[in-house]
Amino acid sequence: MKNKIALSLLFFFLLISSNYYHSITIKSYNFCSSNGEFTYTLLPNKGRNEHMMKMAFDQWKKENKQRGEQALFRGFEKEYAKFWKWYEYATSTYYQYPCKKCNKN
């Protein structure tokens, strides 16, 4: 009986601590333009969200009319082996952008 209680407490402690760790980690998502001239790093926990990225990208395209045909790409791939991210892959708009390797300046 004591072993079951100890295992239950350990399980709940691990569950709570893993959720806490997940909530305090800073996630970053890199995006770039078709030609790699525009790069942007999303930091949703810090307020740099997708809306800000789209505004910055539109402003960048307006600066030079030749950039009008540029598109945004995500600079990270889906890691299907990490099954705990599958829900994020299915629901997050970050993963709807096409994938392309972005050059880091």
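See the structure above.
No experiment lies behind these values; they were computed from the predicted model shown. (Residues numbered from 1 in each chain as written. Predicted model: local features only at pLDDT ≥ 70, side-chain atom pairs only at ≥ 80, totals over all residues. Heavy atoms only, no water.)

Colleague: How would you sum up the packing of aromatic side chains? Please name residues and give values.
Modeller: All told, the structure shown has 13 aromatic pairs when counted by the stated rule. Taking the centre distance of 5.2 Å and the plane angle of 75 degrees together, the rings of Phe31 and Tyr97 count as edge-to-face. Within this pair, whereas Phe31 is found in strand E1 (residues 29-33), its partner Tyr97 is found in the segment after helix H3 (86-91), the two being separated by 66 residues in sequence. Pair check on accessibility: Phe31 and Tyr97 agree, each one buried. Taken together, the ring pairs connect Tyr29, Phe31, Phe76, Tyr80, Tyr89, Tyr94, Tyr95 and Tyr97 into an aromatic cluster. The ring of Tyr40 has Arg48 sitting right over it, with the charged end atom 4.3 Å from the ring centre. (Phe/Tyr/Trp six-rings, centres within 6.5 Å; stacked < 30°, edge-to-face > 60°. Helix = DSSP H or I, 4+ residues; strand = E, 2+ residues; numbered from the N terminus. Buried < 20%, exposed > 50% of the residue type's maximum accessible area, 1.4 Å probe, protein only. Lys NZ or Arg CZ within 6 Å of the ring centre and 35° of its normal.)

Colleague: An account of the pattern of salt bridges is requested, with residue identities and associated values reported.
Modeller: Applying the stated rule across the entire model yields two salt bridges. A salt bridge links Glu50 to Lys54; the shortest N-O distance between them is 3.9 Å. Here the residue Glu50 and the residue Lys54 both occupy positions in helix H2 (residues 50-63), the gap between them amounting to four residues, near one helical turn. Measuring nitrogen to oxygen at the nearest pair gives 3.4 Å for the salt bridge that ties Glu79 to Lys82. (Salt bridge = Lys/Arg side-chain N within 4 Å of Asp/Glu carboxyl O.)

Colleague: Help me get a handle on a nonpolar patch on the surface, residues and values and all.
Modeller: A cluster of nonpolar residues, Tyr80, Phe83, Trp84 and Trp86, forms a patch on the protein surface that exposes about 580 Å² of accessible area. Considering the arrangement of structural elements, one finds Tyr80 in the loop between strand E3 (72-74) and H3. (Patch = residues over 30% accessible without salt bridge, like charges linked within 9 Å, V, L, I, M, F, W, Y side chains within 5 Å. Areas by Shrake-Rupley, 256 points an atom, 1.4 Å probe, with all protein chains shown as cover.)

Colleague: Hey, could you go over the sheet that holds E3 for me, with residue numbers and the actual values?
Modeller: Strand order in the open sheet formed by three strands is E2-E1-E3, with antiparallel pairing between adjacent strands. Only two strands of the sheet have a single partner each, and these edge strands are strand E2 (39-42) and E3. Going across the sheet, the axis of each strand differs from the next one's by a mean of 30 degrees, ignoring polarity. Two elements, E1 and E3, share three bridges in a ladder whose sense is antiparallel. Looking at the pairing, Phe31 lines up with Arg74 of E3. The sheet contacts of H2 involve E1, E2 and E3, and relative to E2 the element is tilted by about 170 degrees. (Pairing = 2+ DSSP bridges. Axes fitted to C-alpha atoms, helices over the stretch in contact; angles between N-to-C directions. Contact = heavy atoms within 4.5 Å.)

Colleague: Report on the pairing of E1, specifying residues and quantitative values.
Modeller: Within E1, four of the five residues are buried, which leaves the element mostly enclosed by the surrounding structure. Here four bridges tie E1 to E2, and the two strands are oriented antiparallel to one another. Opposite Phe31, over in E2, you have Tyr40 as the bridge partner. The hairpin formed by E1 and E2 contains five residues between the paired strands, and Gly36 there has a positive phi angle of roughly 85 degrees.

Colleague: Could you give an account of the state of the cysteines, with specific residues and numbers?
Modeller: When the sulfur atoms of two cysteines share a covalent bond, that bond is a disulfide. By the definition in use, this model includes one disulfide. Here Cys32 is linked by a disulfide to Cys102, with a sulfur-sulfur distance of 2.1 Å. What sets the handedness of the Cys32 and Cys102 disulfide is the S-S torsion sign, and at about -80 degrees it is left-handed. Of the two residues, Cys32 sits in strand E1 while Cys102 sits in the segment after H3, which places them 70 residues apart along the sequence. Cys99 carries a free sulfur, and the closest cysteine sulfur to it, the one in Cys102, is 8.0 Å from it. (Disulfide = S-S within 2.5 Å.)

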